[in-house]
2 protein chains.
Amino acid sequence: MKDKDKTMEDCSKKILAVRDALEIFSGKWKIPIIGALIHFEEARFKDLQNIIGGITSRMLSKELKELETNLLITREVIDTRPVTVKYKITSYGKSCQDVIFSLYQWGAEHRKVIIGK
Amino acid sequence: MKDKDKTMEDCSKKILAVRDALEIFSGKWKIPIIGALIHFEEARFKDLQNIIGGITSRMLSKELKELETNLLITREVIDTRPVTVKYKITSYGKSCQDVIFSLYQWGAEHRKVIIGK
DNA sequence: CAGAATCCGGTCAGATACTG
DNA sequence: CAGTATCTGACCGGATTCTG
């Protein structure tokens, strides 16, 4: 096997892992939601909608379900009147910190570049 | 202004930067493409298609154009017969390293979690 | 408050075929 | 080799309305 083939194979394997991650975080809102929940540790539905901005209840609801399915957050119904619901980040969810932080950093830098033009 | 409001505002601002980044990297293929070009510094169209795997020429072409527009990569036509085209990562494109690496790391960890079940 | 239900347009992305 | 052209189904995600 040639050297080039080996490094190509390595790269392809890495790309598979990246694609796995991208699938979990797919869509417009998951990363912002996780980011907000890492920031606040826990929040209610309406809070999240305010923090994130621009997301409809339909979308927020859908994305929260997927995140719960993937064990990144938990959902807890509190018996008040009217009911409130508390979303919390899991320890597994916290493992996304690096990803989100690097995205934030890059995005912030990118903003400067854009504005600079 | 209450304390909570301040931290909410902070979080919302960060989310904006994250959303900027997500927009640039939107779609299924841009991150893998950038990753491959960081790994190899430069590659040809067909190479990229092989490395990434599963992407159609239509998609690859489209994504490469967007990446070039955003100054993350360059395109150079080489006058051979038949023509070859060399795509290279720019120094700005290299600034995505951290993002991609953290995605790779998380994805690799996530794989273990999934397989472990 | 925290959603569910319904409707709907847009675009994403795959399959396939073709070109210089 | 490095794309372009065309077609098409899927689904993403917004708007709106309604409910316990």
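Here the structure is shown first, and the text comes after it.
Presented here is an overview of the structure given in this document. On a predicted model such as this, the values are computed, not experimentally measured, just so you know.

Another aspect to go through is the relation of the copies chain A and chain B. Taken as rigid bodies, chain A and chain B are interconverted by a rotation of 180° and an axial shift of 0.0 Å, the fit giving an RMSD of 0.1 Å. The transformation just described matches what one would write down for a two-fold rotation axis. Taking C-alpha positions as the reference, the residue of chain A nearest the rotation axis is V99 of chain A, at 3.2 Å. A high fraction, 100%, of the interface residues of chain A reappear at the interface in chain B, so the copies pair face to face through one surface.

Further remarks concern the interface of chain A and chain B. Taken together, the contact pairs 44 residues of chain A with 44 residues of chain B. Regarding the contact of chain A and chain B, the summed buried area is about 4200 Å², with carbon and sulfur atoms giving 72% of it. The interface formed by chain A and chain B contains 2 salt bridges. Put simply, R111 of chain A and D20 of chain B hold a salt bridge, and the shortest N to O gap is 2.4 Å. At the level of secondary structure, the elements contributing two or more residues to the side of chain A that touches chain B comprise α1 (3-24), α2 (30-40), α3 (45-52) and α6 (97-115) of chain A. Broken down by element, the residue count for the side of chain A that touches chain B peaks at 14 residues, all from α1 of chain A. Considered class by class, the residues forming the side of chain A that touches chain B number 28 nonpolar, 9 polar and 7 charged.

For the rest of this paragraph, the subject is the packing of aromatic side chains. Here the distance between the centres and the angle between the planes together describe a pair of aromatic rings. Counted under the stated rule, the structure contains 6 aromatic pairs over all chains. Taken together, a centroid distance of 5.8 Å and an interplanar angle of 20° make the contact between W106 of chain A and Y92 of chain B stacked. One end of the pair, W106 of chain A, is in helix α6; the other, Y92 of chain B, is in helix α5 (residues 91-94), on a second chain. Residue W106 of chain A is classed as buried on the basis of its relative accessible area of 5%. Above the ring of Y104 of chain B, the side-chain terminus of K14 of chain A is found at 5.9 Å from the ring centroid.

Reading the values: rules and limits
Residues numbered from 1 in each chain as written. Chains lettered and ligands numbered in written order. Predicted model: local features only at pLDDT ≥ 70, side-chain atom pairs only at ≥ 80, totals over all residues. Heavy atoms only, no water. Least-squares fit on C-alpha atoms with pLDDT ≥ 70 in both. Contact = heavy atoms within 4.5 Å. Buried area = accessible area lost by both parts, 1.4 Å probe. Salt bridge = Lys/Arg side-chain N within 4 Å of Asp/Glu carboxyl O. Helix = DSSP H or I, 4+ residues; strand = E, 2+ residues; numbered from the N terminus. Nonpolar A, V, L, I, M, F, W, Y, C, P; charged D, E, K, R; others polar. Phe/Tyr/Trp six-rings, centres within 6.5 Å; stacked < 30°, edge-to-face > 60°. Buried < 20%, exposed > 50% of the residue type's maximum accessible area, 1.4 Å probe, protein only. Lys NZ or Arg CZ within 6 Å of the ring centre and 35° of its normal.

Remember, this is a structural readout, not a statement about activity or role.
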